Amino acid sequence: RWLRGQVFTGVGALSIIDPQLRMLSEAQKRTMAAWLAERQTSKGGFNGRPEKLPDVCYSWWVLSALACLGKLHYVDGSKLRAFVLGCQNDERGGISDRPDDEADVYHTFFGIAGLSLLGLDTDVVDAVDARFALPEKVVERILLR
């Protein structure tokens, strides 16, 4: 069974080699995007595989792969945003894997990085490069050296 994080690793590596992913046909990109998008649950979040609960970290693993494929429109970004924001700890800060769990650095980072790919909160979250999980400004500075 393939997990969505493993797919991101493959798609991300290919997109570093060729950001347009010309080695994949449009049909392959659509098929992969549909397979990734089917993990969006009725709660708005993504799970890694069938029968699992949604987890904030998959907002990164799924969205980053979809961004590399140019297929972010395959998912409901508003529902995902609501899911991620619903996992915030309003008192102590941070984001957890799912509502009412303890917030941690891992889920906070990937939750915010995933939200950045949606482009809905650009006044609060800087754009993150889907290949590197780094702010686009940083990637541009590194790659231009």
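Throughout what follows, the structure given in this document is the object of discussion. (Residues numbered from 1 in each chain as written. Predicted model: local features only at pLDDT ≥ 70, side-chain atom pairs only at ≥ 80, totals over all residues. Heavy atoms only, no water.)

Describing the packing of helix H3 (residues 57-69) against helix H5 (residues 105-118)
- The contact between H3 and H5 brings their axes to 7 Å, and the two run at 35°. Handedness of the crossing formed by H3 with H5: left-handed. Each of Cys-57, Ser-59, Trp-60, Trp-61, Leu-63, Ser-64 and Ala-67 in H3 lies in contact with H5, whose residues at this interface are Tyr-106, His-107, Phe-110, Gly-111, Ala-113, Gly-114, Leu-117 and Leu-118.
- Of the residues contributing to the contact of H3 with H5, the split by class is 10 nonpolar, five polar and no charged. (Axes fitted to C-alpha atoms, helices over the stretch in contact; angles between N-to-C directions. Helix = DSSP H or I, 4+ residues; strand = E, 2+ residues; numbered from the N terminus. Left-handed = near helix turned anticlockwise from the far one by under 90°. Contact = heavy atoms within 4.5 Å. Nonpolar A, V, L, I, M, F, W, Y, C, P; charged D, E, K, R; others polar.)

Some details on H3
- Along its 13 residues, H3 runs 19 Å from first to last C-alpha, staying within 8% of the 18 Å computed at 1.5 Å per residue.
- Counting buried positions along H3 yields 12 of 13 residues, so the element is predominantly enclosed.
- Listed in full, the buried residues belonging to H3 are Cys-57, Tyr-58, Ser-59, Trp-60, Trp-61, Val-62, Leu-63, Ser-64, Ala-65, Leu-66, Cys-68 and Leu-69.
- Here the buried face of H3 lies against helix H1 (4-17), helix H2 (26-37), helix H4 (77-85), H5 and strand S1 (128-129).
- Where H3 ends, the next residue or the one after it, Gly-70, has phi of about 75°, a positive value. (Expected span 1.5 Å × (residues − 1). Buried < 20%, exposed > 50% of the residue type's maximum accessible area, 1.4 Å probe, protein only.)

Structural notes on a nonpolar patch on the surface
- Together, Ile-16, Phe-132, Leu-134, Ile-142 and Leu-143 make up a nonpolar patch on the protein surface, roughly 430 Å² of accessible area in all.
- Of note, Phe-132 is situated in the loop between S1 and strand S2 (134-135).
- Owing to a relative accessible area of 30%, Phe-132 belongs among the partly exposed residues under this scheme. (Patch = residues over 30% accessible without salt bridge, like charges linked within 9 Å, V, L, I, M, F, W, Y side chains within 5 Å. Areas by Shrake-Rupley, 256 points an atom, 1.4 Å probe, with all protein chains shown as cover. Salt bridge = Lys/Arg side-chain N within 4 Å of Asp/Glu carboxyl O.)

A look at the state of the cysteines
- Applying the stated criterion across every chain, the model contains zero disulfides.
- Free of any disulfide, Cys-68 has its nearest neighbouring cysteine sulfur in Cys-57, separated by 17 Å.
- In this structure Cys-68 comes out as buried when scored by relative accessible area, which is 10%.
- Not part of a disulfide, Cys-87 finds its nearest cysteine sulfur in Cys-57, a span of 11 Å. (Disulfide = S-S within 2.5 Å.)

Description of the side chain of Ser-116
- The topology assignment puts Ser-116 in helix H5.
- For Ser-116, a relative accessible area of 11% translates into the label buried.
- Leaving out residues up to four positions away in the same chain, Ser-116 has contacts with Val-125, Asp-126, Ala-127 and Val-128.

Re the packing of H1 against H2
- Between H1 and H2, the shortest axis-to-axis distance is 11 Å and the interhelical angle comes to 150°. Classified by the angle between their axes, H1 and H2 sit roughly antiparallel to one another. The two elements H1 and H2 cross, and the hand of that crossing is left-handed. Between H1 and H2, the residues in contact are Arg-4, Val-7 and Val-11 and Met-32, Trp-35 and Leu-36, respectively. (Parallel < 35°, antiparallel > 145°, perpendicular 65-115°, else oblique.)

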